[in-house]
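# Coordinates in review
These are the residues of each chain, in order.
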Amino acid sequence: MRSLLVSVSAAVLLVAVIGCASASSLANKKDKVSAIKQLAKNLVKDSSDQEMADVFNEVYNSEMSSKMYIVQATTNDVLNDFMVANGASSVEAALSSIANGIPDRDSKTNTQTVLSEISVKETVNRLTELKNTYRDLTEIQSAVKPMPSTIGSIQTYDVQKYNDNFNGEWTKAADALGDFYVKCGDAMMPAKTPYEISNIIGVYQKAEQEYLTQSKVSSVRNTIYNLYMNKGNAFITLVKQDIPEIPNKDSAINIRNFASSVIEEARQATDAFTQALSYKSFDSKAMEAQKEAYYYSGLAYLTGAQNLPSKGFAETGTWPVYAEGQFGYGNTLDYKDARDKQKDARALAVKYGRGDGVGYYCCQLDYDLPTKHITITYNRDGKEQTVNGEDFYSMDKLDQSSYGGMGADAFILWGNDFDYRVNGKSQLWSTGLRGETVTYNYKKDADGTIRAYNSYGKEIYTFTTTDNGETYVYKSDIKMDYTFKKY
């Protein structure tokens, strides 16, 4: 019997210790709002818990007193202090003066906005404190509402409940902070460069994050959408101006560096229009602009790659592959000549062993004249090498004229697409009558024969192989035999 009493007494003591430790941990918790909410929840279950009641009474009254003191100041008081500090008659005038004082704010390297200024920072901090305090008061009173009016057992406490519309004040304070951010953004408008637009977008996005009134959220989101569109258009303008200058650079390193900067401008444009679409999904204006941006991004990559000497591809050999991807992104293939540019990118990629395709170049041409058989050989760049074993460039001008310019053919297999090329140009046009899209595909027989078809299912080329695809022969309708070798 004594053993049982000891066990029961130990259990009671253990519960008391655990209860005391729990109340103590809540009393020492840094997040007082969270502590009050947990204490309130415990006291709803057992309002006579003296330790919980003692801690609640201390923490709750202290926290409410502190927060009610903070909200004695209004958002108008905070904004008036801001105007006085800047000697201005309005918030807008004060912000405009601060914006005008930012040095080189339209430069590429500047990251400053009016939010960097000390009085603006202080105002943001005070408005944020008001908003957060009303939020805390809302959460505290929501937790306290279901509690009994009296708590404790030995020492009882009356629970003071507040009927103030803290939730409504929370919304007002959040909207006031959002409004201040919007005025900060407005003060920096209009922006002169896409880099400045980027800085301003970040200011309006802070307003978007703070607003609690849906109409205000919608309004600022529309502003951000327009700014992203402006940013994208500004970068596209730069890209269009810069792409023609890429070939004019006098060395591989200068071509690479300048093309890289143009590629970055194009990336900024595509990103801007993508962000615009995140604010207005399926917006036709943004979708069309995005197509244009991906097209010029691909063109920047392709132009850079096409104009680099062969030695430059050691570092930039992926550019044709990136170009191919940009031209093929989404609906970009429908924009201008994107399909043909994609073919150019693929041809360049396979030539340098890049990408997912395979390419073959004409290494030999055979045909018969009335008196003799002619065999012309070519290198991978389509340049004549020999005519019936004689060095092409040692021949006289008349013979060079007779045998020159008949090679430089190639064909590219990429996925299921087929592309026949002469002198670096696709011979299979991507658009037909009345805007109809014409595509070309192929299939490979068991013996390695390649049969190429147009989009109507007509076979237009047949290539045969005797060495498992290392070389192919095409016998043309004009009785010329083209031998192709893998790049």
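To keep things clear, this report deals only with the structure shown in the data block. (Residues numbered from 1 in each chain as written. Predicted model: local features only at pLDDT ≥ 70, side-chain atom pairs only at ≥ 80, totals over all residues. Heavy atoms only, no water.)

## Things to note about the overall build of the chain
- Broken down by element type, the chain carries 15 helices and 14 strands.
- Relative to the globule expectation of 23 Å for 487 residues, the C-alpha radius of gyration of the chain, 37 Å, shows a markedly less compact shape.
- For the C-alpha atoms alone, the extent of the chain along its principal axes is close to 125 × 80 × 45 Å.
- Within the chain, the proportion of its 487 residues that are buried is 44%.
- At a minimum sequence separation of 6, the contacts of the chain that also span at least 24 residues come to 59%.
- Charged side chains of the chain number 53 positive and 61 negative; the gap between the two group centres comes to 2 Å. (Helix = DSSP H or I, 4+ residues; strand = E, 2+ residues; numbered from the N terminus. Rg over C-alpha atoms; globule rule 2.2 N^0.38 Å. Buried < 20%, exposed > 50% of the residue type's maximum accessible area, 1.4 Å probe, protein only. Contact = heavy atoms within 4.5 Å. Lys, Arg positive; Asp, Glu negative; His and termini not counted. Charge placed at Lys NZ, Arg CZ, Asp CG, Glu CD.)

## Details of the layout of surface pockets
- A volume near 440 Å³ is recorded for the largest pocket.
- Forming the boundary of the largest pocket are 21 residues, of which Lys351, Arg421, Asn423, Gly424 and Tyr487 lie nearest the centre.
- Of all the secondary structure elements, the ones that give two or more residues to the lining of the largest pocket are α14 (338-351), β3 (357-368) and β7 (409-414).
- With four residues, the top contributor of residues to the lining of the largest pocket is α14.
- Partitioned by chemical class, the residues of the lining of the largest pocket number nine nonpolar, five polar and seven charged. (1 Å grid on protein atoms, 1.4 Å probe; cavity = no way out; pocket = protein on both sides within 12 Å on 5 of 7 lines; lining within 4 Å. Points joined across faces, edges and corners; volume = space filled by probe spheres on them. Nonpolar A, V, L, I, M, F, W, Y, C, P; charged D, E, K, R; others polar.)

## Let's talk about the packing of helix α4 (residues 75-85) against helix α5 (residues 91-100)
- α5 packs onto α4 with a crossing angle of 45° between their chain directions and a minimal axis gap of 9 Å. Here α4 is positioned oblique relative to α5, judged by the angle of their axes. As α4 runs across α5, the sense of the crossing is left-handed. Residues Leu79, Phe82 and Met83 of α4 form the contact with α5, whose participating residues are Val91, Ala94, Leu95 and Ile98. (Axes fitted to C-alpha atoms, helices over the stretch in contact; angles between N-to-C directions. Parallel < 35°, antiparallel > 145°, perpendicular 65-115°, else oblique. Left-handed = near helix turned anticlockwise from the far one by under 90°.)

## Describing the packing of aromatic side chains
- One pass over the full model with this rule turns up 31 aromatic pairs.
- Ring centres of Phe463 and Phe484 lie 5.7 Å apart, and the angle between their planes is 80°; this geometry places the pair in the edge-to-face category. Residue Phe463 is located in strand β12 (residues 459-463), and its partner Phe484 is located in strand β14 (residues 481-486); the two are separated by 21 residues in the primary sequence. Taken as a pair, Phe463 and Phe484 share a single burial class, namely buried. (Phe/Tyr/Trp six-rings, centres within 6.5 Å; stacked < 30°, edge-to-face > 60°.)

## Points about empty space enclosed by the protein
- Considering all chains together, one arrives at one cavity of 30 Å³ or more under this definition.
- Taken as a whole, the largest cavity spans an internal volume of roughly 30 Å³.
- Contributing to the lining of the largest cavity are Phe56, Asn57, Tyr60, Asn61, Ile151, Tyr157, Asp158, Val159 and Gln160.
- Among the elements of the structure, α3 (50-70) and β2 (157-158) are those that each provide at least two residues to the lining of the largest cavity.
- At four residues, α3 tops the list of elements feeding residues into the lining of the largest cavity.
- For the lining of the largest cavity, the per-class residue count stands at five nonpolar, three polar and one charged.

## A short note on the nonpolar core
- The biggest cluster of nonpolar side chains holds 100 residues, and the ones touching the most others in it are Phe56, Val120 and Phe180.
- Sorting elements by how many residues they give to this core places helix α10 (residues 252-279) first, with 13 residues.
- Non-local contacts of Phe56, meaning those with residues more than four positions away in its chain, are made with Ile36, Leu39, Ala40, Leu43, Asn61, Val144, Met147, Ile151 and Val159.
- By size, the runner-up hydrophobic cluster in this structure holds 28 residues, among which are Tyr367, Phe418, Ile450 and Phe484. (Core = buried A, V, L, I, M, F, W, Y, C linked by side-chain atoms within 4.5 Å.)

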